[in-house]
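Inside the fold
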Amino acid sequence: MKDTVQVPLYRLAHGRTGDKGDRSNISVIAWNPTLWPILVEQLTEGAVAERFAHRRPSTVKRYLLPELQAMNFVLDHVLDGGVNDALNLDTHGKSLAFWLLDLPVNVPVELLPHLAGPAPSAS
Amino acid sequence: MASSPLPLLRVGSAAGFSGDRVDAAGPVVQALADSGGPSVLIFETLAERTLALAQLARRQDPNAGYEPLLDLMLRPVLGPCLEAGIRIVSNFGAAHPMGAARRIQSLARALGLRVPRIAVIEGDDLSDPAHLPLLMRALGEAIPHAPLVSANAYLGAEAIAGALRAGAEIVVAGRVADPSLTVGPALAHYGWASDDWDRIARATMAGHLLECGAQVTGGYFADPGYKDVPDLAHVGYPIAEIDANGDCVITKPAGTGGCVDERTVKEQLLYEVHDPAAYLTPDVVADLTHARVDALGPDRVWLTGVRGHPRPTHLKVNACFENGWLAEGEISYAGPRAEARARLAADILRQRLAGLGALRFDLIGVASLFADDDGRWLAAQPPGEARDVRLRVALNHADRRAADALTREVTALYTCGPAGGGGVRTSLRPRLGTASCLVPREAVPARFVMVDEGGAA
């Protein structure tokens with residue numbers, strides 16, 4: 001078992017939310033090609049569905065774009081009706097990418113230098 | 001080859017939504033003029049419900065119904081565009097393209113310019129009684145049980161291309177697919193066959209990258225410490241250099257803020273995309289499976305590898321209908337026990353508004369945007385010690401007077417609620433609902449009409 005460190009997804013990737021009706025899509029794009037396999041392995045449809053469980057998605061679908069080291073998640077019925085009916089301040093769900101980007105991810109220690117953000121502490 | 005290759009086509013974006021900055025176009029027009037080559041300026045100003053708002057405006061005033069900022073957007077650039085031969089293509093006609101065309105003519109006269117050759121695109125508006133049977137059939141079970149406000153088909157690029165080939169300097173559309181604003185000029189410039197799916201798909205994705213304005217040049221991207229963007233306050237809007245194969249380089253005017261790099265382009269490439277192998281537009285089914293994004297230099301990113309498949313047989317139609325009232329109220333608490341006082345205020349509202357309908361509560365500063373309308377998220381947050389909290393409550397109701405009870409109860413918290421509540425704001429607004437359906441392409445013919453100088457078609 002390799003040594004791993006748990007970090008938030010935003011250390012590995014950036015992303016953006018889009019919406020159409022009651023459907024949200026969230027892109028997740030690796031900062032660095034070396035981090036891509038970790039995203040593919042850990043950022044599964046199941047993990048994302050669990051992350052958004054309180055929004056009761058009817059389906060979560062993942063599309064992989066290896067040439068871009070990017071993936072696209074499509075979540076149905078997570079917007080409480082979207083701009084038609086939702087009572088949320090953010091009826092488009094534009095903030096949702098940042099909920100996903102806070103998901104804990106396990107990263108092998110040898111990949112820590114490739115993470116975005118502050119350098120890991122020595123401890 | 002006997003003939004020399006066609007010069008590169010540049011398409012600049014001057015707006016990405018209704019309400020976008022009206023000073024964005026200036027630097028883009030300057031850059032296009034400096035390039036000296038054929039170029040087009042596009043304004044994309046129609047979100048999903050903008051057209052319904054425009055229809056409502058036109059009911060109030062028969063001369064209204066087009067983009068309210070039209071004048072402010074065009075005034076600074078109309079003269080320079082006409083002088084440099086930069087054509088303008090936009091959906092800012094909204095619910096009244098002919099009205100927008102007339103307004104542009106009078107703007108030109110007021111500015112002492114020659115009156116430009118303007119074409120309007122027709123055929124998208126399906127809100128008249130003649131189209132009702134088609135709409136009802138297509139909507140099926142999605143038929144709204146409320147008065148229809150607007151119904152528009154997403155038209156493609158062909159009529160835009162036709163208008164440009166016929167010599168239009170300005171093309172005013174209502175609902176067309178956003179990328180078609182770019183595909184139309186590319187079709188007209190390069191003369192691609194209407195079934196040249198790969199090239200049309202590439203131009204479509206160029207249009208997709210342009211259609212939200214600054215979202216590809218560093219807008220909607222900055223995240224301090226992770227994604228730093230220089231001089232975001234003066235972000236430059238994008239320009240696509242589209243080559244004869246449809247591939248494009250995304251760049252922005254020199255001297256503007258923002259940035260174009262592989263990250264900004266990837267984020268926008270996937271924005272509002274569902275299956276990347278099948279991005280549907282009226283013009284083509286674009287396939288991003290093998291798309292590549294490569295930085296060629298500072299603020300220059302190359303998009304290649306997009307493929308195309310035959311266009312859909314049906315066009316998407318968005319129908320908007322009246323959808324009751326949205327009532328909202330907010331009040332703030334600060335200092336010791338602020339969160340406890342805000343939670344008490346929520347309890348009071350729950351009791352006072354019981355039976356009115358589903359209420360949504362937010363504790364802004366504690367739990368709001370990520371939460372759900374049913375309150376599962378908020379209920380899962382244990383009471384804390386937040387010292388600056390804004391309580392928000394919201395409700396949908398079919399009846400205006402019933403909805404208004406919420407705004408009155410929030411206001412009453414001033415004297416009847418917990419201690420120290422301040423900053424009450426309330427609003428009561430009509431809501432619009434949307435329903436989408438597909439109609440056969442043949443049922444919605446698009447056409448362009450050249451507008452004569454007097455203003456009549």
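Conventions we followed
- Residues numbered from 1 in each chain as written.
- Chains lettered and ligands numbered in written order.
- Predicted model: local features only at pLDDT ≥ 70, side-chain atom pairs only at ≥ 80, totals over all residues.
- Helix = DSSP H or I, 4+ residues; strand = E, 2+ residues; numbered from the N terminus.
- Rg over C-alpha atoms; globule rule 2.2 N^0.38 Å.
- Buried ≥ 20, exposed ≤ 12 C-beta atoms within 10 Å, placed from the backbone.
- Contact = placed C-beta atoms within 7 Å.
- Core = buried A, V, L, I, M, F, W, Y, C linked by C-beta atoms within 7 Å.
- Axes fitted to C-alpha atoms, helices over the stretch in contact; angles between N-to-C directions.
- Parallel < 35°, antiparallel > 145°, perpendicular 65-115°, else oblique.
- Left-handed = near helix turned anticlockwise from the far one by under 90°.
- Pairing = 2+ DSSP bridges.
- Domains from an automatic or database assignment.
- Nonpolar A, V, L, I, M, F, W, Y, C, P; charged D, E, K, R; others polar.

Attention now moves to the overall build of chain A. Helix and strand counts for chain A come out as four helices and seven strands. Along its sequence from the N terminus, chain A presents helices and strands in the succession β-β-β-β-α-α-β-β-α-α-β. On C-alpha atoms alone, chain A measures out to a radius of gyration of 15 Å, which is about the 14 Å that the 2.2 N^0.38 rule sets for 123 residues. A burial count over chain A gives 46% of its 123 residues as buried. Put simply, 62% of the contacts in chain A that link residues at least 6 apart link residues at least 24 apart.

Quick look at the nonpolar core now. One recurring pattern in soluble globular proteins: nonpolar side chains tend to sit buried together. In this structure, Leu12(A), Leu41(B), Ile121(B), Ile160(B), Val171(B) and Leu303(B) are the most contacted members of the largest nonpolar core, which totals 174 residues. Per element, the largest residue contribution to this core is 10 residues, and it comes from strand β14 (residues 314–334) of chain B. Setting aside chain neighbours within four positions, we find Val171(B) in contact with Val89(B), Ala119(B), Ile121(B), Ile160(B), Ala163(B) and Leu164(B).

Axis angle and axis distance: for two packed helices, these are the angle between their axes and the distance between the axes, and together they describe the pair. All names here are of chain B. Direction vectors running N to C along helix α7 (residues 158–165) and helix α8 (residues 180–190) enclose 45 degrees, while the axes themselves pass 8 Å from each other. Looking at the two axes, α7 sits oblique to α8. When the axes of α7 and α8 are compared, the crossing they make is right-handed. In this structure, α7 contributes Ile160, Ala161, Leu164 and Arg165 to the contact, and α8 contributes Ser180, Gly184, Pro185, Leu187 and Ala188.

On to the pairing of strand β11 (residues 292–297) of chain B. Where β11(B) and strand β12 (residues 300–304) of chain B come together, five bridges link them in antiparallel fashion. Note on β12(B): the bridge partner recorded for Val293(B) is Leu303(B).

One non-glycine residue with positive phi stands out, namely Asp80(A), at about 50 degrees. One non-glycine residue, Asp231(B), adopts positive backbone phi at about 45 degrees. As for its placement among the helices and strands, Asp231(B) is situated in the loop between α9 (197–210) and β7 (239–242). Asp231(B) gets classed as partly exposed once you count the C-beta atoms within 10 Å, which come to 13.

Residue and element names in this part refer to chain B. Strand order in the open sheet formed by 10 strands is β11-β12-β8-β7-β1-β2-β3-β6-β4-β18, with mixed pairing between adjacent strands. Because the sheet does not close on itself, it has two edges, and the strands there are β11 and β18 (447–451). Between one strand and the next, the sheet's axes are offset by a mean angle of 25 degrees, whatever the strand orientation. Along the sheet face, α9 touches β1 (9–15), β2 (39–43), β7, β8 (248–251) and β12 and points at about 170 degrees away from the line of β7.

Moving on, we get to the environment of Asp374(B). Residue and element names in this part refer to chain B. If you trace the backbone, Asp374 turns up in the loop between β15 (360–364) and α12 (376–379). When the 15 C-beta atoms within 10 Å are taken as the criterion, Asp374 is described as partly exposed. Considered as a pair, Asp374 and Phe361 are 13 residues apart in the sequence and their alpha carbons are 9.1 Å apart.

Turning to the sheet that holds strand β9 (residues 279–280) of chain B, a few remarks are in order. Residue and element names in this part refer to chain B. Pairing is antiparallel across the open sheet formed by three strands, whose spatial order is β9-β10-β13. For this open sheet the edge positions go to β9 and β13 (307–309), each flanked by a neighbour on one side alone. The sheet contacts of α9 involve β10 (285–287) and β13, and relative to β13 the element is tilted by about 115 degrees.

All names here are of chain A. Where strand β5 (residues 59–65) lies against strand β6 (residues 70–76), seven bridges are found, and the strand directions are antiparallel. Paired with Val60 across the two strands is Leu75, which belongs to β6. Taking the residues between adjacent antiparallel strands as the criterion, β5 and β6 are bridged by four residues, where Gln69 takes a positive phi near 45 degrees.

Frequently, the measure chosen for interface size is the accessible area that the parts lose on association. All names here are of chain B. Per the domain assignment, the segments of chain B are domain 1 (9–139 + 150–318 + 440–451) and domain 2 (321–436). Summarising the inter-unit geometry, the C-alpha centres of domain 1 and domain 2 are found 38 Å apart. Contact with domain 1, which involves seven residues of that partner, is made by four residues of domain 2. Ranked by the residues each element gives to the side of domain 1 that touches domain 2, the list is headed by β14, at three residues. Residues that form the side of domain 1 that touches domain 2 fall into these classes: three nonpolar, one polar and three charged.

Counting residues at the interface gives 32 residues for chain A and 36 residues for chain B. Secondary structure elements with two or more residues in the side of chain A that touches chain B: β3 (17–20), β4 (23–30), β5, β6 and α3 (82–85) of chain A. Broken down by class, the residue content of the side of chain A that touches chain B amounts to 13 nonpolar, 11 polar and eight charged.

The subject of this paragraph is the packing of α8(B) against α9(B). Residues and elements named next belong to chain B. Closest axis-to-axis distance for the α8/α9 pair is 7 Å, and the angle between their directions is 135 degrees. With respect to their mutual orientation, α8 and α9 come out oblique. The chirality of how α8 crosses α9 is right-handed. Residues Ser180, Leu181, Thr182, Val183 and Ala186 of α8 lie in contact with α9, whose contacting residues are Ile200, Ala203, Thr204, Ala206, Gly207 and Leu210. Here the contact of α8 with α9 is composed, by residue class, of seven nonpolar, four polar and no charged.

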